[in-house]
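Each chain, letter by letter, is given below.
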Amino acid sequence: MDLSSDKAQQATRVVRELRERGFSAYLAGGCVRDLVLGCEPADYDVATSATPHEVMSVFPRTYAVGAQFGVVLVPVLRDGGNGERANYAIEVATFRSDGLYSDGRHPDQVHFSGEARLDVQRRDFTINGLLLDPLSQEVLDFVGGRQDLEQGIVRAIGQPHERFSEDKLRMLRAVRFAARFGYRIETQTFDAIRELAGEIHQVSHERIRDEILKMLTEGHARQAFELLDETGLLEQVLPEVKKMQGVEQPPQFHPEGDVWIHTLMLLEGLPAGCSKTLALGVLLHDVGKPPTFRRAPDRIRFDQHDEVGTRMAEEICRRFRLSNEETEQVCALVANHMRFGNVMRMKESKLKRFFRLPRFEEHMELHRLDCLGSHRDLSLYDFAKEKFQAMPAEQIRPAPLITGHDLIAAGYKPGPQFKEFLTAVEDAQLEGTIKTKEEAMELVRGKNASFSAGESNS
């Protein structure tokens, strides 16, 4: 097992120092699972017989983020040799057994223990219940986790109903782990999720959001959402997405099938590490189709599904407590995804304004996936990409030739026509028909004459 990374070395140091003080200590949880699988863990956790007070007495600087539950953070702050400072923390948790979980998240009482065997019984899944002695590299397995890793199984430790009743979020975590590793959920564990799926609402929207976003961005989004559906969790956490199922689409544009199948195909194309906003944009780009479905004489239609979908996407983002910036980007992706259909016919000024959308690369990627998940014709994508990459930023957003101050200085009175004048000037500038301030003012004079003539005629 490779423990050569900086984080692994620092976690090993924590274990060693606890051992030197007479306590037992091991690496625990997901980091052990990943090491057994030959992956580099993102974080390292330590489990120990030392109480939080004893941990804090061993290490000079700690943060008691969850001392009542036995959790202390040991920060790593040191010079990396090039002027940079490593800045992260090793989570150290005291061996414990838990009482009842009346809130469906936290135990009402915890009982600190000196036994590692007892501690792992309270953890969620066998594959996360392994312990590792980093000094000898011996793996301690009291729950059959290694065998389940070898067989590709996500299995709750002990009784699944008890584990999920303790923390309902574990149901979503079971789906995420199964999708991430390509494992199957053990039968009793799966059945318990289906029976308890309706209780997921006891979990905060923020915690549900975090699991959903991980599912979308870990590289196995399609598998995750298929499992969400099979377990009954999808209709609980994202009923708007569940309603995509069975919604027909015009076969001449969508030979792949209904809106659900189309969305799954897009999810399949999301790579690991993609942005949260792109992932949500992909998931929700057609969320407005079910409520706008209509059989017209010529074909199936979804009139204004982009507008309806934008409002629905905003509601979902607000429900999941996304930031305003993230919400705006997701809504922009949904609102603009149909505009690529006209990209070859856009005037130069309109095309450049289209390119001004924040993070336009995400709009292009959504369109690319949209095409690959339906007719597979990438000609519009190729056209937009070539134009966008060839166009310098100063052409897309040039410095304005004139401003409202210039109009006032020229004797024009502020009013509604100012916006019309400035927009007309910008359009002409973007089209390349005017290039100087003098030409801009000449255009304004012509517009003003037309404006004044219209007022006189009225």
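Our subject is the structure listed above.
What counts, and where the lines are drawn
Residues numbered from 1 in each chain as written. Predicted model: local features only at pLDDT ≥ 70, side-chain atom pairs only at ≥ 80, totals over all residues. Heavy atoms only, no water. Helix = DSSP H or I, 4+ residues; strand = E, 2+ residues; numbered from the N terminus. Buried < 20%, exposed > 50% of the residue type's maximum accessible area, 1.4 Å probe, protein only. Polar contact = N/O pair within 3.5 Å; in protein donor to acceptor, adjacent residues only side chain to side chain. Contact = heavy atoms within 4.5 Å. Axes fitted to C-alpha atoms, helices over the stretch in contact; angles between N-to-C directions. Parallel < 35°, antiparallel > 145°, perpendicular 65-115°, else oblique. Left-handed = near helix turned anticlockwise from the far one by under 90°. Nonpolar A, V, L, I, M, F, W, Y, C, P; charged D, E, K, R; others polar. Phe/Tyr/Trp six-rings, centres within 6.5 Å; stacked < 30°, edge-to-face > 60°. Lys NZ or Arg CZ within 6 Å of the ring centre and 35° of its normal.

Caption draft 1: Geometry of unusual backbone geometry. Phi is positive for Gln304, close to 55°, though the residue is something other than glycine. By secondary structure assignment, the location of Gln304 is in the loop between strand E13 (300–302) and helix H16 (305–319). Non-glycine residue Arg359 carries a positive phi angle of around 50°. Within the secondary structure, Arg359 sits in the loop between helix H18 (348–355) and helix H19 (360–372).

Caption draft 2: Looking closely at the side chain of Thr48. Within the secondary structure, Thr48 sits in strand E2 (residues 45–48). Take Thr48: its relative accessible area is 0%, and that puts it in the buried class. Within polar-contact distance, the side chain of Thr48 engages the backbone nitrogen of Ala50 at 3.1 Å. Not counting chain neighbours up to four residues away, the residues in contact with Thr48 comprise Leu18, Phe23, Ser24, Ala25, Val55, Val92, Ala93, Thr94 and Phe95.

Caption draft 3: Looking closely at the packing of H18 against helix H20 (residues 379–390). Running from N to C, H18 and H20 point in directions that differ by 85°, and their axes come no closer than 11 Å. By the angle between their directions, the pair H18 and H20 is classed as roughly perpendicular. Across from Glu348, Leu351 and Phe355 in H18, the residues of H20 making contact are Ala384, Lys387 and Phe388.

Caption draft 4: Just the packing of helix H17 (residues 324–336) against H19, in detail. Look at H17 against H19: their axes get within 10 Å of each other, and the N-to-C directions meet at 50°. Our classification of the angle between H17 and H19 gives oblique. Along this stretch, H17 crosses H19, giving a crossing that reads as right-handed. For the pair H17 and H19, the contacting residues are Gln329, Ala332, Leu333 and Asn336 in the first and Glu362, His363 and Leu366 in the second. Per-class residue counts for the contact of H17 with H19 are 3 nonpolar, 3 polar and 1 charged.

Caption draft 5: Representation of the packing of aromatic side chains. Taken as a whole and judged by the stated rule, the model has 12 aromatic pairs. Ring centres 6.1 Å apart and planes at 65° place the aromatic pair Tyr412 and Phe421 in the edge-to-face group. Accessibility classification places Tyr412 together with Phe421 in one group, the buried group. Taken together, the ring pairs in this structure connect Phe125, Phe164, Phe177, Phe181 and Tyr183 into an aromatic cluster. Over the ring of Tyr26 we find Arg19, and its NZ or CZ is 5.3 Å from the ring centre. Just above the ring of Phe177 sits the side chain of Arg176; from NZ or CZ to the centre is 4.9 Å.

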